[in-house]
Protein chains: 4
Amino acid sequence: MRLFAGCDLTLEASEPCPTVAMLRPRSGLAQWLASESYQFDPPVRPTEYVDTYGNLCQRFEIAPGPMRIRWSAIVETDEFIAVEPNAPATPVSDMPSDVLQFLLQSRYCPSDKMSEQAQQIAGHLPAGYAQVEAIRAWVHQHIAYRYGVSEATTDAMDTLEAGAGVCRDFSHIGISFCRALHIPARMVVGYLYQLDPMDLHAWFEAYIDGRWYTFDATQDQPRGGRIVVAYGRDAADVAFISNYAGLSTKSLTAWVQLDNGQPLF
Amino acid sequence: MRLFAGCDLTLEASEPCPTVAMLRPRSGLAQWLASESYQFDPPVRPTEYVDTYGNLCQRFEIAPGPMRIRWSAIVETDEFIAVEPNAPATPVSDMPSDVLQFLLQSRYCPSDKMSEQAQQIAGHLPAGYAQVEAIRAWVHQHIAYRYGVSEATTDAMDTLEAGAGVCRDFSHIGISFCRALHIPARMVVGYLYQLDPMDLHAWFEAYIDGRWYTFDATQDQPRGGRIVVAYGRDAADVAFISNYAGLSTKSLTAWVQLDNGQPLF
Amino acid sequence: MRLFAGCDLTLEASEPCPTVAMLRPRSGLAQWLASESYQFDPPVRPTEYVDTYGNLCQRFEIAPGPMRIRWSAIVETDEFIAVEPNAPATPVSDMPSDVLQFLLQSRYCPSDKMSEQAQQIAGHLPAGYAQVEAIRAWVHQHIAYRYGVSEATTDAMDTLEAGAGVCRDFSHIGISFCRALHIPARMVVGYLYQLDPMDLHAWFEAYIDGRWYTFDATQDQPRGGRIVVAYGRDAADVAFISNYAGLSTKSLTAWVQLDNGQPLF
Amino acid sequence: MRLFAGCDLTLEASEPCPTVAMLRPRSGLAQWLASESYQFDPPVRPTEYVDTYGNLCQRFEIAPGPMRIRWSAIVETDEFIAVEPNAPATPVSDMPSDVLQFLLQSRYCPSDKMSEQAQQIAGHLPAGYAQVEAIRAWVHQHIAYRYGVSEATTDAMDTLEAGAGVCRDFSHIGISFCRALHIPARMVVGYLYQLDPMDLHAWFEAYIDGRWYTFDATQDQPRGGRIVVAYGRDAADVAFISNYAGLSTKSLTAWVQLDNGQPLF
């Protein structure tokens with residue numbers, strides 16, 4: 001399907017502020033950017049680098065005062081995500097080397113503390129997709145979606161205790177439980193068509209039967225229409241904006257629409 | 001400066017044709033893509049990978065029949081290129097490891113056969129920028145710019161013998177002489193503002209005094225307004241289109257204009 | 001200086017156990033391995049990959065029963081580490097892109113929770129080396145070196161509360177405080193000559209004035225004679241042995257000696 | 001099988017000479033270095049980097065005068081190489097992205113000039129292993145193994161014309177013909193057990209049916225006992241010693257023996 005997605009945000013710096021943005025998706029196996037616009041007002045000339053996860057990162061400095069950033073694109077992506085209830089776990093010995101890092105505990109996913117509960121939720125199921133789906137469903141049922149409960153320092157254990165959080169927190173729990181069962185799992189941030197209310201979004205992927213599958217504990221059922229902006233071990237790796245001096249967000253609007261199918265050329 | 005550049009090409013496949021395109025520049029230190037469009041007709045969903053030089057490569061298969069590809073972008077780039085007549089050569093011992101590969105001979109740059117002539121042209125000059133500029137000027141003066149003399153298999157030695165060639169051939173000679181003097185040099189393909197006649201272009205860069213400098217043996221004087229699409233050891237690495245079955249180019253138009261400065265949002 | 005270092009460990013697997021070892025240092029800027037031996041009994045044929053930090057990782061499966069691993073090498077390394085009390089902090093804008101990841105919070109270094117205390121300890125000092133040294137000295141003075149206080153899940157906040165830990169815990173606090181001040185810091189595991197009692201060791205490095213400096217909060221004063229085995233964001237990244245099934249350590253001996261200077265050939 | 005292999009070479013520099021050595025194999029899928037020694041006399045402290053092919057490269061400067069380098073290792077490697085006469089070609093569309101570079105023409109493998117002859121030799125055979133084996137056999141039959149015919153600048157076309165060459169030249173022809181048929185092929189340098197006369201050796205690999213297969217046009221039949229030191233597009237990428245000032249080789253001895261099976265510890 002062909003989506004027109006974007007975000008428009010206004011930041012305000014209180015002092016010169018070195019900033020790293022992760023707002024630009026990459027064309028890859030999962031999606032194709034047919035057209036894209038990425039504008040700054042006042043204008044800056046960002047540099048761009050690729051981080052260790054393959055994400056595109058834009059570096060620039062924001063001068064004191066407001067900075068408006070507007071990114072948008074027309075993106076070809078899949079209308080449906082793959083669902084394979086019987087897909088078996090990939091044995092650790094068969095995992096590609098670059099997948100192994102997603103077995104490790106991380107800042108917001110202290111999987112080393114969460115083995116027992118992971119076993120309770122999914123230990124009795126066939127190793128693989130069925131376990132991850134059970135984890136996803138458990139999070140969907142047991143954690144309430146509510147703004148204002150979690151903050152920047154909230155990890156998966158904190159959210160379990162609070163019993164509520166947002167997409168980021170849902171993902172952290174799902175990832176942690178997967179890793180506790182030796183299933184590689186990674187954080188994804190991006191856009192989801194028909195997300196309600198519309199916002200930048202987060203979900204997770206698990207490595208099963210030799211490939212990555214998409215899981216989203218905030219949703220009732222499997223849904224495609226996703227645009228991936230960045231992958232990481234958890235939210236620490238994939239902040240949309242990382243700032244290294246005083247910076248505040250004044251406004252943020254995100255959108256995802258079906259593209260209206262204008263002529264190509 | 002802000003340029004609107006692009007190309008529109010029509011290919012024709014005689015059979016299903018696996019294809020790799022290098023048509024999309026990267027936002028990096030040298031340039032920033034403010035907006036971009038990359039369309040295929042009939043539509044395909046390319047995948048994209050990064051090659052060992054950091055270039056973006058789009059893979060897709062062309063079905064038998066015509067395929068139109070149109071890429072365009074608004075790009076912020078430098079109006080002037082750096083010129084440092086006294087910049088000294090970087091000693092090999094001080095070169096970053098990833099620069100060393102650009103000292104090696106390659107398909108179209110058999111620098112291992114060209115040391116003697118490189119010495120004659122530039123051996124008497126201070127090691128560094130002055131040598132590369134002397135090489136660039138020598139090529140500009142001694143090689144005629146003429147279409148139809150060279151073909152896909154023509155290397156720098158062939159062009160020296162023929163005494164004529166196009167931008168790609170000029171670059172190959174320049175690169176070869178630099179490497180023969182232990183100055184790293186790499187091929188660049190991309191766009192040049194006010195190139196006459198307008199076309200996709202090629203030039204080279206040399207690593208001097210700790211950074212890359214731009215040289216273009218097809219031009220009278222240093223000129224900015226360049227958009228880099230890809231880097232490589234020589235033309236073998238940076239073909240705009242690499243095809244692995246029967247494919248012919250029916251038409252190709254390229255353009256570079258000053259952006260008309262529409263409102264950002 | 002020329003050191004003969006190594007370790008001899010015996011593991012015992014209760015079931016077939018996929019394992020990743022990080023026991024092999026890399027020859028790099030800091031050290032040179034003149035000779036090396038890496039043996040397994042019973043024999044296995046590990047494969048080796050390089051992780052995203054550049055560490056060498058050996059993958060293999062341990063059959064049920066005991067596995068003895070013995071690694072040793074003669075390593076050229078520096079007798080002294082660099083000490084530059086006046087080295088200024090590198091502005092974030094000037095940091096190389098691959099250094100930025102070491103500003104991020106991580107599993108055992110929740111620097112996002114530790115800004116206030118970092119400011120109290122070092123906020124009044126000139127930004128840079130002086131701050132990191134103040135942090136190092138603070139940890140050395142306020143945290144007791146004691147085995148058995150910390151365990152695998154202990155993070156820097158836990159150790160601050162406990163007031164005691166081992167080299168790994170000392171490093172986590174130092175790293176966290178540095179990052180809280182926007183100074184990149186990374187975990188190092190390896191060997192230290194004349195460490196008492198001898199063991200595998202851990203310390204940290206901070207990126208200051210364009211390079212990495214070594215800090216070790218377990219020591220009274222700056223000491224060289226270090227062999228780096230692996231770098232990471234924290235202990236989650238650099239476990240000597242990562243196992244993905246039941247595995248226990250039966251014995252571990254480590255040693256570092258001055259090499260006796262036998263004839264080279 | 002377990003081999004003890006090594007080389008002992010003496011170089012002589014006429015001036016300070018920046019040098020890159022590729023003498024150290026990597027432990028990987030194909031082989032495991034159980035022990036290794038790498039010594040320089042007079043002593044130097046090389047740094048080491050990994051090139052774009054994954055090869056380990058040692059950088060150092062040789063002072064005027066002699067330099068003796070001795071590398072040796074005990075290496076676990078395969079006694080037999082895989083032979084699959086019916087393995088089908090991998091379609092270009094299914095090749096991993098990092099394999100595509102080995103389809104490109106290169107300095108000593110001008111495959112763009114050699115399509116016609118490649119078709120004559122193997123075009124009538126089923127695409128895949130059978131074609132590469134036909135190429136390998138053709139080279140073995142039509143090119144005489146003779147020292148002194150080729151030199152540093154000799155490419156595959158030159159060797160075809162001369163009708164004679166050494167292992168490096170045999171490999172270049174084999175690689176070129178494979179690429180001309182859209183079969184990825186790469187140069188390998190290393191050691192071969194029972195090579196006669198013993199020397200450093202070169203052969204090639206072709207990517208068929210999703211993996212790399214070993215081919216050696218200098219041999220009568222498939223033979224294992226190989227230690228891979230480096231991979232590249234051709235000899236330009238994998239010189240054992242690359243020097244950037246006056247340097248000559250005074251002596252070189254290489255050896256490969258069955259390891260005598262001493263106790264491991």
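Residues numbered from 1 in each chain as written. Chains lettered and ligands numbered in written order. Predicted model: local features only at pLDDT ≥ 70, side-chain atom pairs only at ≥ 80, totals over all residues. Heavy atoms only, no water.

### Here's the deal with the sheet that holds strand E14 (residues 247-258) of chain A
Taken together, the eight strands give an open sheet; going across it, the order is E14(A)-E1(A)-E6(A)-E3(A)-E3(B)-E6(B)-E1(B)-E14(B), and neighbouring strands pair in antiparallel fashion. Since the sheet does not close on itself, it has two edges, and those belong to E14 of chain A together with strand E14 (247-258) of chain B, each with one partner. Across the sheet, the axes of successive neighbouring strands diverge by a mean angle of 15°, strand direction being ignored. Relative to E14(B), strand E1 (residues 2-13) of chain B runs antiparallel, the two sharing eleven bridges. Looking at E14(B), one finds that Ala5(B) is bridged to Val256(B). (Pairing = 2+ DSSP bridges. Helix = DSSP H or I, 4+ residues; strand = E, 2+ residues; numbered from the N terminus. Axes fitted to C-alpha atoms, helices over the stretch in contact; angles between N-to-C directions.)

### Observations regarding the packing of aromatic side chains
Residues and elements named next belong to chain C. Counting across every chain of the model gives 60 aromatic pairs over all chains. On the basis of an interplanar angle of 85° and a centroid distance of 5.4 Å, the ring pair of Tyr-129 and Tyr-213 is categorised as edge-to-face. Placement of Tyr-129 in helix H2 (residues 129-142) and of Tyr-213 in strand E11 (residues 211-215) is noted, with a sequence separation of 84 residues between them. On the accessibility criterion, Tyr-213 (5% relative accessible area) is buried. (Phe/Tyr/Trp six-rings, centres within 6.5 Å; stacked < 30°, edge-to-face > 60°. Buried < 20%, exposed > 50% of the residue type's maximum accessible area, 1.4 Å probe, protein only.)

### Some details on the pattern of salt bridges
Throughout the structure, instances matching the rule amount to 52 salt bridges over all chains. Residues Asp8(B) and Arg68(B) are paired through a salt bridge, measuring 2.7 Å at the closest nitrogen-oxygen approach. Of this pair, Asp8(B) sits in strand E1 while Arg68(B) is found in strand E6 (residues 65-77), placing the two residues 60 residues apart along the sequence. Taking relative accessible area as the criterion, Asp8(B) reaches 15% and is therefore assigned buried. If you follow the salt bridges from partner to partner, you end up with Arg2(A), Glu76(A) and Asp259(A) in one network. (Salt bridge = Lys/Arg side-chain N within 4 Å of Asp/Glu carboxyl O.)

### Some remarks on the UniProt feature "domain: Transglutaminase-like" (unreviewed entry) in chain A
The residues that UniProt annotates with the feature "domain: Transglutaminase-like" (unreviewed entry) are residues 159-219 of chain A. Within residues 159-219 of chain A, the helical portion is 30% and the strand portion 38%, while the C-alpha atoms at the span's ends are 18 Å from each other. (UniProt positions renumbered as here; feature names shortened; annotations may be inferred.)

### Describing the relation of the copies chain A and chain C
Least-squares fitting of chain A to chain C yields an RMSD of 0.0 Å, with the transformation described by 0.0 Å of translation along the axis and a rotation of 180°. The transformation just described matches what one would write down for a two-fold rotation axis. For chain A, the smallest separation between a C-alpha atom and the rotation axis is recorded for Arg107(A), amounting to 1.8 Å. When you check the interface residues of chain A against chain C, 97% turn up at the interface there too, and the contact is symmetric in its surfaces. (Least-squares fit on C-alpha atoms with pLDDT ≥ 70 in both. Contact = heavy atoms within 4.5 Å.)

### Observations concerning the interface of chain B and chain A
Chain B puts 32 residues into the contact, and the matching count from chain A is 31 residues. Summing both partners gives a buried area of about 2,800 Å² for chain B against chain A, and 53% of it is carried by carbon and sulfur. Here chain B is connected to chain A by two salt bridges. Asp78(B) is paired through a salt bridge with Arg45(A); the nearest N and O atoms lie 3.5 Å apart. For the side of chain B that touches chain A, the secondary-structure elements that each account for two or more residues are strand E3 (31-41), strand E4 (47-50), strand E5 (56-62) and E6 of chain B. Considering every element that reaches the side of chain B that touches chain A, the biggest residue donor is E3(B), with eleven residues. (Buried area = accessible area lost by both parts, 1.4 Å probe.)

### Some details on the arrangement of the chains
Where chain B comes nearest to chain C, the C-alpha atoms are still 12 Å apart, and the two do not contact one another. Contact between chain A and chain D is absent, and the least distance between their C-alpha atoms amounts to 12 Å.

### Observations regarding the interface of chain A and chain C
Taken residue by residue, the interface counts 32 residues in chain A and 31 residues in chain C. Approximately 2,700 Å² of surface area, both sides summed, lies buried where chain A meets chain C, with 51% of it carried by carbon and sulfur atoms. Run the count over chain A and chain C and you get four salt bridges. In this structure, Arg233(C) engages Asp237(A) in a salt bridge whose closest nitrogen and oxygen atoms are separated by 2.7 Å.

### Looking at the domain arrangement of chain A
Many authors give the size of an interface as the accessible area that is lost as the parts come together. All names here are of chain A. We note that the domain assignment places domain 1 (2-78 + 240-258) and domain 2 (92-222 + 230-236) within chain A. Here the C-alpha centroids of domain 1 and domain 2 sit 24 Å apart. A buried area of about 1,200 Å², summed over both sides, lies between domain 1 and domain 2, and 74% of it is on carbon and sulfur atoms. Among the residues of domain 1 in contact with domain 2, Tyr-53, Phe-240 and Val-256 are the three that bury the most area, contributing 47% of the side total. Run the count over domain 1 and domain 2 and you get zero salt bridges. Linking domain 1 with domain 2 are one residue pair in polar contact (both at pLDDT 80 or more), by the criterion used here. Those elements that provide at least two residues to the side of domain 1 that touches domain 2 are strand E1 (2-13) and E14. Element by element, the count of residues in the side of domain 1 that touches domain 2 is highest for E14, at six residues. Classifying every residue of the side of domain 1 that touches domain 2 gives twelve nonpolar, three polar and no charged. (Domains from an automatic or database assignment. Polar contact = N/O pair within 3.5 Å; in protein donor to acceptor, adjacent residues only side chain to side chain. Nonpolar A, V, L, I, M, F, W, Y, C, P; charged D, E, K, R; others polar.)

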